[in-house]
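# Structure assessment
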Amino acid sequence: MRNIGLKRSILPLALAASVLFFSCRTAGSDNVPERDSSPAAVSGSLYVYGLDIKLSGATLKHYSDQRQTTIEEFEYTHSYDKAGEKVTNTLTGRRAGRDMVKYGYHTLTLYEPGIGYDDLAQSISGAGAVVTFHIFGEPGVTVPTGKLVSSKDPVPGTFKAYYSSSYDASDPNLTRIASAKSATLDLTIISGDKVKAAFTLEMASGTIVSGTYEGTCKELDDQNVAFSQGEGIIMRGYTPKYLLQIEKDGAVVQQAEQPSGAVLQSLLNTGKGESVTGTQAAEAPELVDVMLLKNKETGDFTFISPVKNPLADQQYVWGKGWFPIYRYFPNTTYFQEAPSDFTDQSYRDLDTKGFNFEVRKDESLRISPDYRGYILFSTTQGMKGVIKVVDYAKSEVIRKLYYGTTYQLYHVTDGFVIDYKVESVPVIPLIG
């Protein structure tokens, strides 16, 4: 079985983080694009630190509609017995809020000579000063125009601005990017391939970056669906205890039930595309979206919100021995069995048609061991996804060498082999 960590139908991260586009031809031994320097094509300057930096090109890129869902926090308690003493923990959970903003997303990039998009290499070439405006509009491809102001939140009709005095496409790690604390932008779309802009940016340092531009503009689209996916992932049904045996010279000499939190891979990290144990997930519990439980009495399984079920583990206290502890996960996830008309083709179509369904607010879904099919889910961030239950994963005994001829035998529970796809936030570069 294999795990696919993060797959997207958008540009790969390494390319997306360094792409600027330029409508020109490639020339010169250093592969830096030439520009149309005729006065009729472009006029513009960028003013900073008393310098007048000529601007030579612009791009306007349209991304798929985005959305931002508020996250509500709530308190809950969990009590358990620790060496005869009742322990009560008060914790903070998270769930998707009711408020959601949907907006169009566009980037306008202006840059100086010596930097541009190389059509042959399909990547940026050169280095220089660049300013990029992330413009938020109503859903669709229409770019807001007129006098716009900056905003921390993606409110239609506002924008965020980023500036780099020395963008280096050959090594983005060398590039220092500054975000504007406040900014104004007066934007006019003259025609499909020409824009006029006047702007002022106040950086966090107090530096003022201002400028004007009028001229040609290359228009591009990145209207693809952004999603993460994983394949062939084994999720084990969580039970509070598992059986640990000690084997020496081929014979079992000791056995005991132990807390399962460090052994059973019952949690799904959809960002990394892998199933993890409670101990593995403890450093970043907010990344866990799905938990699988097993009912030993009925044999059934339940997909459940991680916030609903703390996982048992243990901790060694010097001089006192081992004591129970619990791992907590804050996220609320909703589950629903997919309708009967959701087919294998429907699952494949998610790549291009998107996740156009709603999920009931049920925090758990019980299924039998012979279940094969699709389960819809929705995360704390409001992202929708689909779990494909591919096959049953039988229980196993994992045999690990302890020392010499002594082995530890971990009896792990059964579960399922799953694939999944879930919406993700596309990687939109700050510059470019």
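Residues numbered from 1 in each chain as written. Predicted model: local features only at pLDDT ≥ 70, side-chain atom pairs only at ≥ 80, totals over all residues. Heavy atoms only, no water.

Moving on to the overall build of the protein. Within the protein, the regular secondary structure consists of 3 helices and 28 strands. Out of the 432 residues in the protein, the part that is buried amounts to 50%. Residue pairs at least 24 apart in sequence account for 67% of intrachain contacts in the protein once pairs closer than 6 positions are excluded. As displayed, the protein offers around 21,200 Å² of accessible surface, 48% of which is attributable to carbon and sulfur atoms. (Helix = DSSP H or I, 4+ residues; strand = E, 2+ residues; numbered from the N terminus. Buried < 20%, exposed > 50% of the residue type's maximum accessible area, 1.4 Å probe, protein only. Contact = heavy atoms within 4.5 Å. Areas by Shrake-Rupley, 256 points an atom, 1.4 Å probe, with all protein chains shown as cover.)

The full count for this structure, using the stated rule, is 15 aromatic pairs. Here Y105 and F136 contribute two aromatic rings whose centre-to-centre distance is 5.4 Å and whose plane-to-plane angle is 85°, an arrangement assigned as edge-to-face. With Y105 in strand β4 (residues 85–111) and F136 in strand β6 (residues 123–137), this residue pair connects regions lying 31 residues apart in the sequence. Overall, F136 belongs to the buried group, its relative accessible area being 2%. Put simply, the rings of Y63, Y103, Y105 and F136 pair up and form one aromatic cluster. Directly above the aromatic system of Y407 lies the positively charged group of R399, at a separation of 3.8 Å from the ring centroid. (Phe/Tyr/Trp six-rings, centres within 6.5 Å; stacked < 30°, edge-to-face > 60°. Lys NZ or Arg CZ within 6 Å of the ring centre and 35° of its normal.)

Scanning all chains against the criterion turns up 13 salt bridges. For R95, the salt bridge is made with E72, and the minimal N-O distance between the two is 3.4 Å. Linking R95 in strand β4 with E72 in strand β3 (residues 57–82), this pair joins segments that are 23 residues apart in sequence. Overall, E72 belongs to the partly exposed group, its relative accessible area being 32%. Among the salt bridges present, the one from E358 reaches K384, with a minimum N-O distance of 3.7 Å. (Salt bridge = Lys/Arg side-chain N within 4 Å of Asp/Glu carboxyl O.)

Strands belonging to one sheet form pairs held by backbone hydrogen bonds; the direction of such a pair is parallel or antiparallel. Spatial ordering of the open sheet is given by β15-β14-β27-β26, a layout of 4 strands whose pairing is antiparallel. Each having just a single partner strand, β15 (251–259) and β26 (396–403) make up the two edges of the open sheet. Ignoring which end each strand starts from, the neighbouring axes of this sheet average 25° apart. Looking at chain direction, β26 and strand β27 (residues 406–412) are connected through 7 bridges and run antiparallel. By the bridge assignment, E396 is partnered in β27 with V412. (Pairing = 2+ DSSP bridges. Axes fitted to C-alpha atoms, helices over the stretch in contact; angles between N-to-C directions.)

Time to look at the confidence of the model for the protein. Per-residue pLDDT for the protein averages 85, and the proportion of residues at 70 or more is 88%. Ignoring residues within four places in sequence, the model shows residues 1–40, a span with pLDDT below 50, making 114 contacts including any to other chains. (pLDDT = per-residue confidence, 0-100.)

Summarising the element assignment, H106 is placed in strand β4. Within the local environment of H106, its side chain forms a polar contact with the side chain of H62, the two groups lying 2.9 Å apart. Only 3.4 Å separates the side chain of H106 from the backbone oxygen of T142, close enough to count as a polar contact. (Polar contact = N/O pair within 3.5 Å; in protein donor to acceptor, adjacent residues only side chain to side chain.)

Our focus in this paragraph is the pairing of strand β18 (residues 288–294). Along β18, 6 of the 7 residues are buried, which leaves the element largely enclosed by surrounding structure. Where strand β16 (residues 267–269) meets β18, 3 bridges bridge the pair, whose relative direction is antiparallel. The partner of N269 across the bridge, within β18, is V288. Bridge count between β18 and strand β19 (residues 301–304): 4 bridges; the pairing is antiparallel. Of the residues in β19, the one forming a bridge with M291 is I304. The hairpin turn running from β18 into β19, its antiparallel successor, is 6 residues long, and G299 in that turn takes a positive phi close to 85°.

On to the sheet that holds β18, then. Read across the sheet, 5 strands follow the order β17-β16-β18-β19-β23 without closing on themselves; strand pairing throughout is antiparallel. Only two strands of the sheet have a single partner each, and these edge strands are β17 (274–276) and β23 (364–367). Ignoring which end each strand starts from, the neighbouring axes of this sheet average 25° apart.

Attention now goes to the layout of surface pockets. Which parts of space are left empty comes out when a probe the size of a water molecule is rolled across the atoms. When its volume is computed, the second largest pocket comes out at roughly 250 Å³. Taken together, 13 residues line the second largest pocket, and the ones lying closest to its centre are Y49, Y163, S165, R176 and A178. Tallying contributions element by element places strand β8 (residues 158–168) first for the lining of the second largest pocket, with 4 residues. Partitioned by chemical class, the residues of the lining of the second largest pocket number 7 nonpolar, 5 polar and 1 charged. (1 Å grid on protein atoms, 1.4 Å probe; cavity = no way out; pocket = protein on both sides within 12 Å on 5 of 7 lines; lining within 4 Å. Points joined across faces, edges and corners; volume = space filled by probe spheres on them. Nonpolar A, V, L, I, M, F, W, Y, C, P; charged D, E, K, R; others polar.)

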